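Notes for the structure review
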Amino acid sequence: MKRIYLLCLFIIGACCNGSICAQTSIPDTLLFVFKLHGQTRKYEMSFRKQSDTLRIDWRILRNLHWQKGSYLMTPASQETGNTWCFLQPVDKESCLLSANETAYILSRQAYKELKKSGIFHYNQTVYKKGNKKGEALGCPLIHCVDQTEGAEVWILDNESLPIVWKMQNNPLNVNWQVDHPSAVYKDPIEVVVHRGANHLAPENTLPSAYAALAHGATWIELDVRKSKDGMLYNLHDETLDRTTNGKGALADMNSEKVDQLDAGSWFGKEYAGTHVPRIAEMLDSLYGKANVFFDVKRGTPVSDLVKLVRLKGFATNSFFWFADEGMLKEFVRLASEMKIKVNASDIARLQYWMTVCRPSVVEISPEQITPEFKVFCKTNGIRIMAAIQNGTEEAYRTAIQKEPDLVNLDQPELFEKVLAE
């Protein structure tokens with residue numbers, strides 16, 4: 001198997017255009033769910049025939065906007081390809097695959113080989129038919145095992161489009177499965193973690209952020225406060241007493257002393273020595289791994305934060321909340337291109353905030369998300385974030401039923417479990 005350690009590979013779905021789906025009706029959209037190193041990525045894809053070329057259109061919701069691209073499979077690759085192509089998808093790019101590569105499908109030759117002899121040759125190894133059973137879209141799934149590395153694949157028994165429906169036990173730990181499509185495609189709910197995965201590691205630290213990412217979070221909240229000498233830190237409380245071995249207000253202590261504090265022992269001895277992270281350190285550590293939600297506390301120098309966010313490359317994959325309306329107005333003047341989150345319990349309150357700024361996200365309790373509120377937000381390009389901090393499994397189920405765009409919570413590991421039910 002080609003040894004490429006890309007985080008998220010482009011994923012496929014199928015669309016019954018032309019004669020692609022001759023044997024069975026393949027839906028307009030299939031959602032491929034990838035699991036890689038504890039993280040989940042969901043792509044929707046469609047296949048479209050253009051003359052003799054197969055066009056593969058993919059898209060994924062990232063950084064508050066849809067990233068899109070396409071791949072083209074030549075007639076030769078569709079007919080005799082013998083290598084699965086694992087290519088990093090690049091936003092707005094169209095890539096022509098080489099003549100021996102197919103994308104998460106078997107070539108016609110390999111499919112015929114499998115049907116005739118119970119084996120097929122791909123990626124310089126032999127895949128042999130196994131004895132596990134499965135079915136999808138009214139077709140059997142053919143279970144096959146990689147005779148070299150032991151990976152298992154399930155091939156949709158469809159001559160026109162033999163999709164690799166499922167991959168598991170991949171030695172690279174790149175596993176996926178196609179979700180059965182629904183009549184209306186639902187965008188995945190993005191997980192925003194409040195103070196990190198604070199039930200697994202000390203809150204507002206790098207360990208809690210990394211633990212959250214390992215359980216499917218794509219957004220990390222940073223609580224922004226400044227020290228006496230103006231350094232920006234990730235700390236929820238005004239004082240250091242609860243989550244460090246320090247005493248008093250952060251604003252009364254210089255950064256040299258703050259950096260020496262222990263912010264982990266209170267949670268568990270294995271976290272002894274964990275420090276209070278600076279915002280700059282958090283951004284450096286999360287770059288390319290997560291989006292950031294900035295909860296900007298009173299007293300934070302807004303201009304300093306804006307400069308830092310731009311410097312660290314987070315201007316587009318972040319949003320900001322200000323409890324102080326004066327600070328919000330200053331932010332609007334300084335960073336009109338950056339995204340803002342507001343809190344509202346109904347349309348009237350949201351309309352007020354729309355006179356102050358241009359909200360990109362509105363946070364609201366799940367119980368207050370009404371059909372009318374959802375329509376208003378969609379019409380105005382505002383994403384809905386359900387507030388379920390300190391939530392229970394039942395609270396998570398209630399929030400999921402309301403179909404928000406994002407959830408703001410404390411336990412991504414519990415939410416991941418509820419989603420999997």
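Numbers given to residues run from 1 along each chain, matching the order in which its sequence is written. Selection of residues for local features in this predicted model requires a pLDDT of at least 70, selection of side-chain atom pairs for listing and counting requires 80 or more, and totals for whole chains, interfaces and linings are taken over all residues. No hydrogens and no water enter the side-chain calculation; it runs on all heavy atoms of the structure.

**Comments concerning the overall build of the chain**
Numbered from the N terminus, helices here are DSSP runs of H or I no shorter than four residues, and strands are runs of E no shorter than two. Scanning the chain from N- to C-terminus turns up 11 helices and 23 strands. Relative to its length of 421 residues, the chain is compact, with a C-alpha radius of gyration of 24 Å against a globular reference of 22 Å. Viewed in the frame of its principal axes, the chain has a C-alpha envelope of about 75 × 50 × 40 Å. Note on exposure labels: buried denotes an accessible area under 20% of the residue type's maximum, exposed denotes more than 50%, and partly exposed covers the range between, all computed with a 1.4 Å probe on protein chains only. Taken over 421 residues, the chain has a buried fraction of 52%. Residue contacts follow a heavy-atom distance rule, with two residues in contact if any of their heavy atoms lie within 4.5 Å. Taking the intrachain contacts of the chain between residues at least 6 apart in sequence as the baseline, contacts between residues at least 24 apart amount to 52%. Only the protein chains shown count as covering a residue, and every accessible area follows the Shrake-Rupley method with a 1.4 Å probe. Total accessible area computed for the chain in this model is approximately 18800 Å², and 50% of it derives from carbon and sulfur atoms. When charges are counted, Lys and Arg are positive and Asp and Glu negative, with His and the chain ends excluded. Charge positions come from single atoms, namely NZ of Lys, CZ of Arg, CG of Asp or CD of Glu. Charge separation in the chain, taken as the distance between the mean sites of 49 positive and 50 negative side-chain charges, equals 3 Å. The reference for a compact globule is 2.2 Å times residues^0.38; the radius of gyration itself is calculated from the C-alpha atoms.

**As for helix α7 (residues 325-334)**
Given 3.6 residues to a turn, an α-helix orients residues that are three or four positions apart in the same direction. For α7, every residue scored as buried is listed here: Met 327, Leu 328 and Phe 331. Down the axis of α7, the smallest arc covering the buried residues is 105 degrees, so these residues share one side. Those residues of α7 that are buried lie in contact with β18 (291-296), α6 (302-311), β19 (318-322), β20 (339-343) and α8 (347-356). Any pair of nitrogen or oxygen atoms within 3.5 Å is treated as a polar contact; in protein, a donor-acceptor pairing is required on top of that, and neighbouring residues in sequence qualify only through side-chain atoms on both sides. The N-cap of α7, judged by a side-chain oxygen 2.8 Å from the amide nitrogen of Gly 326 a few residues on, is Asp 324. The arc under discussion is defined with respect to the helix axis, by the directions toward the C-beta atoms.

**Topic: the side chain of Glu 152**
Mapped onto the elements of the fold, Glu 152 is located in strand β12 (residues 152-156). Only 2.4 Å separates the side chain of Glu 152 from the side chain of Asn 169, close enough to count as a polar contact.

**Thoughts on empty space enclosed by the protein**
Only protein atoms enter the calculation, which uses a 1 Å grid: trapped sets of points that fit a 1.4 Å probe without letting it out are cavities, open sets showing protein on both sides within 12 Å along at least five of seven lines are pockets, and any residue with an atom within 4 Å of a point is a lining residue. Grid points are joined across faces, edges and corners, and a volume is the space filled by probe spheres set on the points. Under the counting rule described, the total for this entry stands at 3 cavities of 30 Å³ or more. When its volume is computed, the largest cavity comes out at roughly 60 Å³. Every residue along the wall of the largest cavity is listed here: Glu 203, Asn 204, Thr 205, Asn 234, Leu 235, Thr 243, Thr 244, Ala 263, His 275, Val 276 and Pro 277. Only Asp, Glu, Lys and Arg are considered charged in this grouping, and only Ala, Val, Leu, Ile, Met, Phe, Trp, Tyr, Cys and Pro are considered nonpolar; every other residue, Gly among them, is considered polar. Of the residues that constitute the lining of the largest cavity, the class distribution is 4 nonpolar, 6 polar and 1 charged.

**Notes on the packing of aromatic side chains**
Stacked, tilted and edge-to-face are the three classes applied to pairs of Phe, Tyr and Trp rings, where Trp contributes its six-membered ring and a pair requires centres within 6.5 Å; stacked means planes under 30 degrees apart, edge-to-face means over 60, and tilted covers the rest. A full pass over the atoms with the stated rule returns 20 aromatic pairs. Ring geometry for Trp 266 against Phe 267: centres 5.6 Å apart, planes inclined by 85 degrees, an arrangement best described as edge-to-face. Exposure remark for Trp 266: the relative accessible area of 39% places this residue in the partly exposed category. The class of Phe 267 is partly exposed, set by a relative accessible area of 27%. Among the aromatic residues, those joined into a ring-pair cluster are Phe 32, Phe 34, Tyr 104 and Trp 176. Distance and angle both matter: a charge sits over a ring if NZ of Lys or CZ of Arg is within 6 Å of the ring centre and within 35 degrees of the ring normal. In this structure, Lys 166 is placed above the aromatic ring of Trp 154, and the distance from its NZ or CZ to the ring centre is 4.7 Å.

**With respect to the pairing of β19**
Among the 5 residues of β19, 4 are classified as buried, and the element is accordingly described as predominantly covered. By this definition, two strands are paired if DSSP reports at least two bridges between them. Bridge count for β18 against β19 is 5 bridges, and the pairing is parallel. By the bridge assignment for β19, Asp 295 is matched with Trp 321. Looking down the strands as they point away from you, a crossover is right-handed if its path from the first strand over the helix to the second goes clockwise. Note on the crossover from β18 through α6 to β19: the handedness is right-handed. In this sheet, β20 lies alongside β19 in parallel orientation, the contact comprising 2 bridges. By the bridge assignment for β20, Phe 320 is matched with Ile 340.

**Looking at the packing of helix α10 (residues 393-401) against helix α11 (residues 412-419)**
Packing of α10 against α11 leaves a shortest axis separation of 10 Å and a crossing angle of 60 degrees. Of the possible angle classes, the one that applies to α10 and α11 is oblique. Our pair here, α10 against α11, has a crossing hand that is right-handed. Contacts between α10 and α11 pair Glu 393, Tyr 396, Arg 397 and Ile 400 from the former with Leu 414, Phe 415, Lys 417, Val 418 and Leu 419 from the latter. Partitioned by chemical class, the residues of the contact of α10 with α11 number 6 nonpolar, no polar and 3 charged. Axis definition: a line fit to C-alpha positions, over the contact stretch in the case of helices; interaxial angles, taken between N-to-C directions, run 0 to 180 degrees. Angular relationships are summarised with four words: roughly parallel below 35 degrees, roughly antiparallel beyond 145, roughly perpendicular across 65 to 115, and oblique for the angles in between. Take the far helix as your reference; a near helix turned counterclockwise from it by less than a right angle gives a left-handed crossing, and one turned clockwise gives a right-handed crossing.

**Some remarks on the nonpolar core**
The term nonpolar core refers to a set of buried residues drawn from Ala, Val, Leu, Ile, Met, Phe, Trp, Tyr and Cys, joined through side-chain atoms within 4.5 Å. Ile 220, Leu 286, Phe 294, Phe 320, Phe 331, Leu 350 and Val 362 are the most contacted members of the largest nonpolar core, which has 60 residues in total. If near-sequence neighbours (up to four positions away) are discounted, Phe 320 is found in contact with Phe 294, Val 296, Leu 305, Val 309, Phe 331, Met 338, Lys 339, Ile 340 and Lys 341. Core analysis: the second largest hydrophobic core is formed by 48 residues, Phe 34, Phe 86, Tyr 104 and Tyr 127 among them.

**Describing unusual backbone geometry**
A positive phi angle, close to 60 degrees, is found at Asn 204, a residue other than glycine. Positionally, Asn 204 belongs in the loop between β15 (190-193) and α3 (206-214). Relative accessible area serves as the criterion here: at 4%, Asn 204 is assigned to the buried category. Unusually for a residue other than glycine, Asn 390 sits at a positive phi of about 55 degrees. Within the fold, Asn 390 resides in the loop between β22 (383-387) and α10.

**Comments concerning the state of the cysteines**
Note that a disulfide, as used here, is simply two cysteine sulfur atoms within 2.5 Å. With the rule as written, the count across this model stands at 0 disulfides. In this structure Cys 95 is a free cysteine whose sulfur lies 6.7 Å from that of Cys 85, the closest cysteine sulfur available.

**What to know about helix α2 (residues 108-117)**
Those residues of α2 that fall on the buried side of the exposure criterion are Ala 110, Tyr 111 and Leu 114. For α2, the buried positions fall inside an angular range of 100 degrees around the axis, keeping them on one side. Those residues of α2 that are buried lie in contact with β8 (119-122), β9 (125-129), β11 (139-146) and β12.

**Section: the pattern of salt bridges**
Whenever a carboxyl oxygen of Asp or Glu lies within 4 Å of a side-chain nitrogen of Lys or Arg, that contact is scored as a salt bridge. Going through the model one piece at a time under the given rule, you end up with 23 salt bridges. Glu 190 serves as the salt-bridge partner of Arg 383, at 2.8 Å between the closest nitrogen and oxygen. Here Arg 383 is found in strand β22, whereas its partner Glu 190 is found in strand β15, with 193 residues between them in sequence. Comparing Arg 383 with Glu 190 shows no difference in burial state: the two are buried. Here Glu 337 ties to Arg 310 by a salt bridge, and the two come within 3.0 Å at their closest N and O atoms. Remark: Arg 310 occurs in helix α6 and Glu 337 occurs in the loop between α7 and β20; sequence separation between them is 27 residues. Salt bridges sharing partners connect three or more residues here, namely Arg 195, Glu 203, Asp 237 and Arg 242.

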